[in-house]
Amino acid sequence: MKTFPTTIIEMKKGLKSGAFTAVELITHTYQQIEASEGAVQSFLNYDNHKAAALEAAKIADQAGYQDDGTKILNGIPIAIKDNILTAGFKTTAASKMLEDFIPTYDAFVVKQLKKAGAIIVGKVNLDEFAMGGSTENSYFKTSKNPWDLDRVPGGSSGGSSAAVSSRQVPAALGTDTGGSIRQPASYTGIVGMKPTYGRVSRHGVIAFASSLDQVGPMTLTIEDNALLLQAISGQDANDATSLPDHEQDFSSLIGQSIEGKRIAFPKEYQSEAIDLDVREAMNKAAEYFKNKGAIVEEVSLPHSEYGINVYYILASAEASSNLQRYDGIRYGYRSKDATSLEEIYLKSRSEGFGPEVKRRLMVGTYSLSSGAYDKFFKKAAQVRTLIIQDFKEVFDRYDLIMGPVTPSTAYKIGERISDPLKMYVADLLTIPMNLAGIPSLSVPAGFDKKGLPIGMALSGPVDSEALLYQIAYDFEQGHDFVNQAPKI
């Protein structure tokens, strides 16, 4: 009986050596999904992808597995968050509003994956329109944390994190607007990267907040993460914010010494608002870096405490604008009870959107209204500039910043859903990086006393992804967290 590895790098080795074919690997992947999906509930759609995936696997086997630098993911199974367009296959954003929507074209990142030879095995769950931190806001289902099925897997990329953590797939794409890759990665013990804003094209990604949204990779290891980011990066003429393609090799610094690297540890990330188990894990990580010859010093990011306030004004305002298109006329859900044009708008949006989406749309619309604009939106934009300046001042003296990803480990399903403020606090430590547009990486850093994963965030200046992977890889190799898997 053949055995199959769980990481991209090992899968590539197996395919190249002939230990198994892509067809066998994809068949095994669907077996893995079916074995645990009843418990984990990570996928929204995989059955309809099987025929196309197996056909793509045949093509991958015919192409072969020589390292020519192009098909860097040839034959590798990948899951896609369901707010990223896939031509001919449903893309719902986990909303009733788009329950039956089938796109006519692929998102840029999906095109990049196909170009690299990756095989898309299905679409995974999320909070509706990526608004939420637990996947409890999905119209269809609540995904479960593989480490404890009574707890959330995080969000909004909770389906992505659950699918990777449970070893259904070796990797998935997520999106991160205020922490939606890093927080679920932290909760489920995997690696998640929010790249520099503009590093990955947003074309074909259902918009939430356009100045904050970013697609990123979610994997089991650092090497896999760097490889997947390599595949999906690149300049795109269809995205005006897309950065020039410098043909960076994000793996280029992996394995190099971290001696002499200057690491900032903000005092705001060490407060009693952070759970004791999480603080202890960060202190151990700081000691590890010091023992490897890095310099770790305390700094301050004084305006980071305003991040949540700023984010929920700016992101909600942008969402209010972006989601105007769902009006019951052009596409998406239309109320069957509407008898006039006004009722089409009113009832379609009232029935088609869930409570969290409606809450944010109302906040955003109000903050943009006459009389409220200067007090809320304009002021939030000004404070965002101060947060960006805080990071610039730290990066003038340090190579990167370390700290926890979240104030606590994963909470129980239903524990916070009725209290939006408690839900929002979970993004306290991730939001500032989105506001500043800088890359930030979630790395497994241990477990709390309940056996739940703890994530460490490594954040750097614009274009520092390769450096973050270098530091994270050293930490990963110095610990055994990556080899510990949940028992479902």
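Conventions and cut-offs
Residues numbered from 1 in each chain as written. Predicted model: local features only at pLDDT ≥ 70, side-chain atom pairs only at ≥ 80, totals over all residues. Heavy atoms only, no water. Helix = DSSP H or I, 4+ residues; strand = E, 2+ residues; numbered from the N terminus. Rg over C-alpha atoms; globule rule 2.2 N^0.38 Å. Contact = heavy atoms within 4.5 Å. Areas by Shrake-Rupley, 256 points an atom, 1.4 Å probe, with all protein chains shown as cover. Lys, Arg positive; Asp, Glu negative; His and termini not counted. Charge placed at Lys NZ, Arg CZ, Asp CG, Glu CD. Phe/Tyr/Trp six-rings, centres within 6.5 Å; stacked < 30°, edge-to-face > 60°. Buried < 20%, exposed > 50% of the residue type's maximum accessible area, 1.4 Å probe, protein only. Lys NZ or Arg CZ within 6 Å of the ring centre and 35° of its normal. Expected span 1.5 Å × (residues − 1). Arc of directions from axis to C-beta. Patch = residues over 30% accessible without salt bridge, like charges linked within 9 Å, V, L, I, M, F, W, Y side chains within 5 Å. Salt bridge = Lys/Arg side-chain N within 4 Å of Asp/Glu carboxyl O. Pairing = 2+ DSSP bridges. Axes fitted to C-alpha atoms, helices over the stretch in contact; angles between N-to-C directions. Parallel < 35°, antiparallel > 145°, perpendicular 65-115°, else oblique. Nonpolar A, V, L, I, M, F, W, Y, C, P; charged D, E, K, R; others polar. Polar contact = N/O pair within 3.5 Å; in protein donor to acceptor, adjacent residues only side chain to side chain. UniProt positions renumbered as here; feature names shortened; annotations may be inferred.

## Remarks on the overall build of the chain
Moving on, step 1. A count of helices and strands for the chain gives 15 helices and eleven strands.
Moving on, step 2. For a compact globule of 488 residues, the expected C-alpha radius of gyration is about 23 Å, and the chain comes in at 21 Å, within 12% of that figure.
Moving on, step 3. For the chain, the proportion of contacts with a sequence separation of at least 24, taken over those separated by at least 6, is 75%.
Moving on, step 4. Surface summary for the chain: the accessible area is close to 18900 Å², and the carbon and sulfur share equals 51%.
Moving on, step 5. When the 50 positive and 58 negative side-chain charges of the chain are each reduced to one mean point, those points stand 3 Å apart.

## Here's the deal with the packing of aromatic side chains
Moving on, step 1. Scanning the entire structure with this criterion turns up 21 aromatic pairs.
Moving on, step 2. With centroids separated by 5.7 Å and ring planes inclined at 75 degrees, the aromatic side chains of Phe43 and Tyr46 adopt a geometry described as edge-to-face.
Moving on, step 3. Ring geometry for Phe129 and Tyr326: centres 5.1 Å apart, planes at 50 degrees, overall tilted. Pair noted here: Phe129 is in the loop between β3 (119–124) and α5 (158–165) and Tyr326 is in the loop between α9 (307–322) and α10 (341–352), with a separation of 197 residues, a long-range link. Grouping residues by exposure puts Phe129 and Tyr326 together as buried.
Moving on, step 4. Residue placement shows Lys50 over the ring face of Tyr30; its charged tip is 5.6 Å from the ring centre.

## Observations regarding helix α3 (residues 50–63)
Moving on, step 1. Helix length check: α3, at 14 residues, gives a terminal C-alpha distance of 20 Å against a target of 20 Å (1.5 Å per residue), a fit within 8%.
Moving on, step 2. Of the positions making up α3, those classed as buried are Ala53, Ala57 and Ala60. The buried residues of α3 occupy an angular sector of 60 degrees when projected down its axis, which confines them to one face. Counted as exposed and oriented over 90 degrees from the buried face of α3: Ala51 and Gln62.
Moving on, step 3. Looking at the buried positions of α3, the neighbouring elements they touch are α2 (22–40) and β3.
Moving on, step 4. Phi turns positive one or two residues past the end of α3, at Gly64, with a value near 90 degrees.

## Quick notes on a nonpolar patch on the surface
Moving on, step 1. The grouping of Ile329, Leu341 and Tyr345 at the surface amounts to a nonpolar patch, some 270 Å² of accessible area in total.
Moving on, step 2. Within the secondary structure layout, Tyr345 lies in helix α10.
Moving on, step 3. The class for Tyr345 is partly exposed, based on a relative accessible area of 37%.

## Some words on the pairing of strand β2 (residues 77–81)
Moving on, step 1. Most of β2 is tucked away, with five of its five residues classed as buried.
Moving on, step 2. Burial along β2 is two-sided: Pro77, Ala79 and Lys81 facing one way and Ile78 and Ile80 facing the other are all buried.
Moving on, step 3. As judged from the five bridges shared by β2 and β3, these two strands associate in the parallel manner. Bridging from a neighbouring strand, Lys81 pairs with Val124 of β3.
Moving on, step 4. Taken together, the two bridges between β2 and strand β4 (residues 171–175) define a ladder with parallel strand orientation. Bridge assignment links Ile80 to a residue of β4, and that residue is Leu173.

## With respect to the packing of helix α4 (residues 108–115) against helix α7 (residues 222–232)
Moving on, step 1. It is the contact of α4 with α7, at a shortest axis distance of 8 Å, that shows an interaxial angle of 110 degrees. Viewed along their axes, α4 and α7 adopt a mutual orientation that is roughly perpendicular. Contact residues: Phe108, Val109, Gln112 and Leu113 in α4; Leu228, Ala231 and Ile232 in α7.
Moving on, step 2. Across the contact of α4 with α7, the residue classes tally to six nonpolar, one polar and no charged.

## Side note on the pairing of strand β10 (residues 440–447)
Within a regular beta strand, the side chains point alternately toward one face of the sheet and then the other, so they alternate between its two faces.
Moving on, step 1. Counting buried residues along β10, seven of its eight residues qualify, which places the element largely inside the surrounding structure.
Moving on, step 2. As paired strands, strand β5 (residues 191–194) and β10 are joined by three bridges and run antiparallel to one another. Residue pairing across strands places Gly192 opposite Ser442, the latter belonging to β10.
Moving on, step 3. Counting the residues that bridge the hairpin from β10 to strand β11 (residues 453–459) gives five residues, and of these Gly451 lies at a positive phi of roughly 85 degrees.

## A closer look at the environment of Arg325
Moving on, step 1. Tracing the chain through its elements places Arg325 in the loop between α9 and α10.
Moving on, step 2. The sequence separation of Arg325 and Lys90 amounts to 235 residues, and the corresponding C-alpha distance is 18 Å.
Moving on, step 3. The residues touching Arg325, leaving out its near neighbours within four places in the chain, are Arg330 and Tyr331.
Moving on, step 4. Within polar-contact distance, the side chain of Arg325 engages the backbone oxygen of Asn322 at 2.7 Å.

## What about the sheet that holds β10?
Moving on, step 1. If you walk across this open sheet you meet the eleven strands as β1-β3-β2-β4-β6-β5-β10-β11-β9-β7-β8, and the pairing is mixed. Strand pairing shows two members of the sheet lacking a second neighbour, β1 (43–45) and β8 (295–299), which therefore form its edges. Each neighbouring strand pair of the sheet contributes to a mean axis angle of 30 degrees, computed without reference to strand direction.

## What about the UniProt feature "active site" (unreviewed entry) in the chain?
Moving on, step 1. The UniProt record annotates "active site" (unreviewed entry) at Lys81, Ser156 and Ser180. For the annotated residues, spread through 100 residues, the largest C-alpha to C-alpha distance comes to 11.1 Å, consistent with a single compact locus.
Moving on, step 2. Note on placement: Lys81 falls in strand β2.
Moving on, step 3. Residues in contact with Lys81, not counting those within four places in the same chain, are Lys123, Val124, Leu126, Ala130, Ser156, Ser157, Ser160, Leu173, Gly174, Thr175 and Ser180.
Moving on, step 4. Inspection of the secondary structure puts Ser156 in the loop between β3 and α5.
Moving on, step 5. Contact partners of Ser156, with chain neighbours within four places excluded, come to Lys81, Asn125, Leu126, Asp127, Ala130, Met131, Gly132, Gly133, Thr135, Thr175 and Ser180.

## Quick look at the packing of helix α8 (residues 276–291) against helix α15 (residues 465–477)
Moving on, step 1. Here α8 crosses α15 at 100 degrees, and the two axes come no closer than 11 Å. Considered as vectors, α8 and α15 are oriented roughly perpendicular to each other. Side by side, α8 and α15 meet where Ala285, Tyr288 and Phe289 of the first sit next to Ile471, Asp474 and Phe475 of the second.

## Points about the pattern of salt bridges
Moving on, step 1. Summed over the entire model, instances satisfying the criterion amount to 21 salt bridges.
Moving on, step 2. The partner of Glu465 in a salt bridge is Arg199, and the shortest N-O contact between them spans 3.7 Å. Taken together, the residues Glu465 in helix α15 and Arg199 in the loop between β5 and β6 (215–219) connect sequence positions 266 residues apart. Both residues of the pair, Glu465 and Arg199, belong to the buried class.
Moving on, step 3. Across the pair Glu297 and Arg262 runs a salt bridge whose closest N-O atoms are separated by 3.3 Å. With Glu297 in strand β8 and Arg262 in strand β7 (residues 262–266), this residue pair connects regions lying 35 residues apart in the sequence.
Moving on, step 4. On the accessibility criterion, Glu297 (32% relative accessible area) is partly exposed.
Moving on, step 5. Owing to a relative accessible area of 28%, Arg262 belongs among the partly exposed residues under this scheme.
Moving on, step 6. Overlapping salt bridges bring together Glu34, Asp47 and Lys50 as one network.

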